[in-house]
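A structural walkthrough
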Amino acid sequence: ATSSTQAFTNVFRSRSTRSSIEQLQKIFPPQSDIIKLTTSTIITPIAGSFHDNYYRGPISLKATIDNQEPNSLNLHHAAIRTRDIETAIKFYSIFGFNVETKFRSGPARAAWIINHNDYSTVNSMESGDGKVNVDKKGRTNVACRLELIEVPAYVLQEKEGERKRATNLLLNESLLGLNHYALDVTSYIKSLGKKEYYGLDQFLEYVNDISLKKFGKTLRVAVAPQQKVIGSQVYELAFLYDADGTLFELIRYIKELEQSIESGWDPWDGSGFVGLGDGGSADSGKDNDVE
């Protein structure tokens, strides 16, 4: 490992990208079981960026161990059931979502919608087409992806004049399972280029104006914007309902504190799980500490 590191250091000090690649290929042959060379991934090299006649901008080199994938997980999407998928698509468009692809999930119409800040992958909303490059569809390298699933009318079985809505999770705190999803709007707000203070209150007014102009509808705010300290970071957050009443959060990063706030959790010694150590019996089916 030490000799490999030294070899890379020496190569990075060379004068051009092309010569750097050639030198690395001599040290580590292309078919080597140890290392593969990649020039398409941009990282900061040890001794500055390289340029040559073959590239328009800075290029860097990346070495990866063959047959070894990163062990991190990416959240691909969160799924939401809706009574009217066309209405749901319109609602999320005011937050910058475009349709990535449409498909069927059994008898139901479904769609992936994405909010992407890389316009090399997704065309700008201002272009009007909202199309996605075919070779990028379904990837996990998007800022945010939601799956909308339309519940068919024969399954929904609404009575005449009835409009079913999602369970209000703010009023049903005893329900387990997924509670809400959160959209980080920090970068979105910065992209608006506002010089004066621009928090969630102002952002909600901005988005609400878009909704009124496009669809004649106002946003339903579940919890008004408020600040919250989590660890050593200060956030502003608010909760909204979507077109079907699904609860979701908007969160904006404000700043980092010099000190960290205590979590408020009681100290835990690791006991209490069924079938683990002395905390409980797998045969009993319940925690020994809970009656």
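Residues numbered from 1 in each chain as written. Predicted model: local features only at pLDDT ≥ 70, side-chain atom pairs only at ≥ 80, totals over all residues. Heavy atoms only, no water.

Quick word on the packing of aromatic side chains
- This structure, assessed with the given rule, holds eleven aromatic pairs.
- For the ring pair F91 and F95, a centre distance of 5.8 Å and an interplane angle of 50 degrees mean the geometry is tilted.
- Ring centres 5.7 Å apart and planes at 70 degrees place the aromatic pair F103 and W112 in the edge-to-face group.
- A relative accessible area of 19% places W112 in the buried class.
- Ring-pair connections join several aromatic residues into one group, and the members of that group are F91, Y92, F95, F97, Y181 and F248.
- Note that R145 overlies the ring of W112, its terminal NZ or CZ placed 5.3 Å from the centroid. (Phe/Tyr/Trp six-rings, centres within 6.5 Å; stacked < 30°, edge-to-face > 60°. Buried < 20%, exposed > 50% of the residue type's maximum accessible area, 1.4 Å probe, protein only. Lys NZ or Arg CZ within 6 Å of the ring centre and 35° of its normal.)

Some words on the sheet that holds strand β4 (residues 98-105)
- Ordered in space as β3-β6-β5-β4, the four strands form an open sheet in which the pairing is mixed. Bordering the open sheet on either side are β3 (78-82) and β4, each of which pairs with just one other strand. Averaged over all pairs of adjacent strands, the angle between their axes in this sheet comes to 25 degrees, without regard to strand direction.
- Relative to strand β6 (residues 144-150), β3 is paired through five bridges, and the arrangement is parallel. In the sheet register, T82 faces β6, and the bridge partner there is E150. (Pairing = 2+ DSSP bridges. Helix = DSSP H or I, 4+ residues; strand = E, 2+ residues; numbered from the N terminus. Axes fitted to C-alpha atoms, helices over the stretch in contact; angles between N-to-C directions.)

A short note on the environment of K90
- Inspection of the secondary structure puts K90 in helix α3 (residues 85-93).
- Taking the relative accessible area as the measure of exposure, K90 reaches 46% and is therefore partly exposed.
- A sequence separation of 153 residues divides K90 from A243, and the C-alpha atoms of the two residues are 9.1 Å apart.

Digging into the pattern of salt bridges
- By the definition in use, this model includes five salt bridges.
- A salt bridge links E86 to R109; the shortest N-O distance between them is 3.4 Å. Taken as a pair, E86 in helix α3 and R109 in strand β5 (residues 108-115) lie far apart in primary sequence, 23 residues in all.
- Residue class for R109 comes out partly exposed when judged on its relative accessible area of 32%.
- For E100, the salt bridge is made with R145, and the minimal N-O distance between the two is 2.8 Å. Taken together, the residues E100 in strand β4 and R145 in strand β6 connect sequence positions 45 residues apart.
- Judged by relative accessible area, E100 falls into the buried class, the value being 4%. (Salt bridge = Lys/Arg side-chain N within 4 Å of Asp/Glu carboxyl O.)

Topic: a positive patch on the surface
- Taken together, the side chains of R163, R165, K217 and R220 present a region of like positive charge at the surface.
- Assignment of secondary structure puts R163 in the loop between α4 (153-156) and β7 (181-184).
- For R163, a relative accessible area of 46% translates into the label partly exposed. (Patch = residues over 30% accessible without salt bridge, like charges linked within 9 Å, V, L, I, M, F, W, Y side chains within 5 Å. Areas by Shrake-Rupley, 256 points an atom, 1.4 Å probe, with all protein chains shown as cover. Lys, Arg positive; Asp, Glu negative; His and termini not counted. Charge placed at Lys NZ, Arg CZ, Asp CG, Glu CD.)

A look at the environment of P225
- With respect to the element layout, P225 can be found in strand β8 (residues 220-230).
- Remark: the alpha-carbon pair of P225 and R252, spanning 27 residues in sequence, is separated by 9.9 Å.

A word on the sheet that holds β8
- Pairing within the open sheet is mixed, and its four strands lie in the order β7-β10-β9-β8. The open sheet is flanked by β7 and β8, the only strands paired with a single partner. Across the sheet, the mean angle separating the axes of adjacent strands is 25 degrees when strand polarity is ignored.
- Sheet topology note: the β8/strand β9 (residues 233-241) ladder contains eight bridges and is antiparallel.

Quick word on the nonpolar core
- Counting 29 residues, the largest nonpolar core has Y92, F95, F203 and L250 as its most contacted members.
- Counting only elements with at least two residues in this core, the list comes to α3, β5, β6, β7, α6 (200-215), β9 and β10 (247-256).
- For this core, the element with the most residues is α3, which contributes five residues.
- Core analysis: the next-biggest nonpolar cluster, separate from the first, contains five residues, L169, L237, Y241 and L247 among them. (Core = buried A, V, L, I, M, F, W, Y, C linked by side-chain atoms within 4.5 Å.)

Some thoughts on the confidence of the model for the protein chain
- Averaged over all residues, the pLDDT of the protein chain equals 74, while 59% of them reach at least 70.
- Counting contacts from residues 118-128, a segment whose pLDDT is below 50, to residues more than four positions away or on other chains yields 17 contacts.
- Ignoring residues within four places in sequence, the model shows residues 275-291, a span with pLDDT below 50, making 21 contacts including any to other chains. (pLDDT = per-residue confidence, 0-100. Contact = heavy atoms within 4.5 Å.)

Observations concerning α6
- The terminal C-alpha atoms of α6, which comprises 16 residues, lie 21 Å apart, in line with the 22 Å expected from a rise of 1.5 Å per residue.
- Residues of α6 that are buried include every one of L200, F203, L204, V207, N208 and S211, and no others. End-on view of α6: buried residues confined to an arc of 130 degrees, all on one side of the axis. Across α6 from its buried face, at more than 90 degrees, point the exposed residues E205 and K213.
- Buried positions along α6 lie against α5 (186-191), β8, β9 and β10.
- G216 occupies a position one or two residues after α6 and carries a positive phi of about 70 degrees. (Expected span 1.5 Å × (residues − 1). Arc of directions from axis to C-beta.)

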